[in-house]
Amino acid sequence: GESVGLHLPTLSVQEGDNSIINCAYSNSASDYFIWYKQESGKGPQFIIDIRSNMDKRQGQRVTVLLNKTVKHLSLQIAATQPGDSAVYFCADWGGADGLTFGKGTHLIIQP
Amino acid sequence: GAGVSQSPRYKVAKRGQDVALRCDPISGHVSLFWYQQALGQGPEFLTYFQNEAQLDKSGLPSDRFFAERPEGSVSTLKIQRTQQEDSAVYLCASSLTSRVGGRAKNIQYFGAGTRLSVL
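Figured I'd write up the structure that's included with this text.

### Considerations on the sheet that holds strand β1 (residues 5-7) of chain B
All names here are of chain B.
Thinking step 1. Taken in spatial order, the four strands make up an open sheet running β1-β3-β8-β7, and their pairing is antiparallel. Either end of the sheet is taken by a strand with one partner, and the two such strands are β1 and β7 (65-68). Averaged over all neighbouring strand pairs, the angle between strand axes comes to 15 degrees, with direction disregarded.
Thinking step 2. With four bridges connecting them, β7 and strand β8 (residues 75-79) associate as antiparallel partners. Note on β8: the bridge partner recorded for Phe65 is Ile79.

Shown next as structure tokens:
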């Protein structure tokens, strides 16, 4: 079936470096995407969203890029900090009322 | 302001017991969602309410799962005759508005979840 997934289960970066987390989706009808951050023992926390009529959207220290041609989504975090350590999920609205989440990427910050 | 609140945070049940999980959404939020998150996985959609109406229950895994939101605010997810495979974190989310263009497409804000362990 169609699903949203991530390329890498774990990403380790040095503090201060930029992080890039990737996501591939397969549902060509998907037109809305969200990135969530989930820390241990907490619920997913909204980071940024993007609609399919956009290629790029920026927030505070975060940028989401959408490439509809290859069905690829990425989250860029600038100047990664220890507090950025978490599991990051991309999710899409693919036709049902609920979000479809990928399995997540665990971002680890090295001091 | 207060976020989405879920209780209890942890629940241990013996196989075969019934459990009830509570969700208090953000005040004024029309839409409410329930998700199930297995260990090491992303959340999976269970059901959706718009006010008191359950508009989508396509994700409920069996007829042992039942959800309600009788007054359009607090919601309860009930699992009857719990099985070990029901062990997971159950997440509730709410969003401000209702369906737009046929789908409930708005930012969802999540609670911390209830971790259910069935022994």
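Right, picking up where we left off after that structure.
### Thoughts on the interface of chain A and chain B
Thinking step 1. Each partner contributes to the interface: chain A provides 23 residues, whereas chain B provides 22 residues.
Thinking step 2. Summed over both partners, the interface of chain A with chain B buries about 1800 Å², with 52% contributed by carbon and sulfur atoms.
Thinking step 3. Between the two partners, chain A and chain B, sit zero salt bridges.
Thinking step 4. Linking chain A to chain B there are four residue pairs in polar contact (both at pLDDT 80 or more).

### Quick notes on the state of the cysteines
Thinking step 1. This model, assessed by the stated rule, comprises two disulfides over all chains.
Thinking step 2. Covalently, Cys23(A) is tied to Cys90(A) through a disulfide, its sulfur atoms 1.9 Å apart. Residues Cys23(A) and Cys90(A) are joined by a disulfide whose S-S torsion is about 55 degrees; by sign, that bridge is right-handed. You can see Cys23(A) sitting in strand β3 (residues 19-25) and its partner Cys90(A) sitting in strand β9 (residues 86-92), a full 67 residues away along the chain. In this structure, Cys23(A) and Cys90(A) share a single accessibility class: buried.
Thinking step 3. Across a sulfur-sulfur distance of 1.9 Å, Cys23(B) and Cys92(B) are joined as a disulfide pair. Because the sign of the S-S torsion sets the handedness, a value of about -65 degrees for the bond joining Cys23(B) and Cys92(B) places this disulfide among the left-handed ones. With Cys23(B) in strand β3 (residues 19-24) and Cys92(B) in strand β9 (residues 88-95), this pair connects stretches of sequence that are 69 residues apart.
Thinking step 4. Under the relative-accessibility criterion, Cys92(B) is labelled buried at 0%.

About the thresholds
Residues numbered from 1 in each chain as written. Chains lettered and ligands numbered in written order. Predicted model: local features only at pLDDT ≥ 70, side-chain atom pairs only at ≥ 80, totals over all residues. Heavy atoms only, no water. Pairing = 2+ DSSP bridges. Helix = DSSP H or I, 4+ residues; strand = E, 2+ residues; numbered from the N terminus. Axes fitted to C-alpha atoms, helices over the stretch in contact; angles between N-to-C directions. Contact = heavy atoms within 4.5 Å. Buried area = accessible area lost by both parts, 1.4 Å probe. Salt bridge = Lys/Arg side-chain N within 4 Å of Asp/Glu carboxyl O. Polar contact = N/O pair within 3.5 Å; in protein donor to acceptor, adjacent residues only side chain to side chain. Disulfide = S-S within 2.5 Å. Buried < 20%, exposed > 50% of the residue type's maximum accessible area, 1.4 Å probe, protein only.

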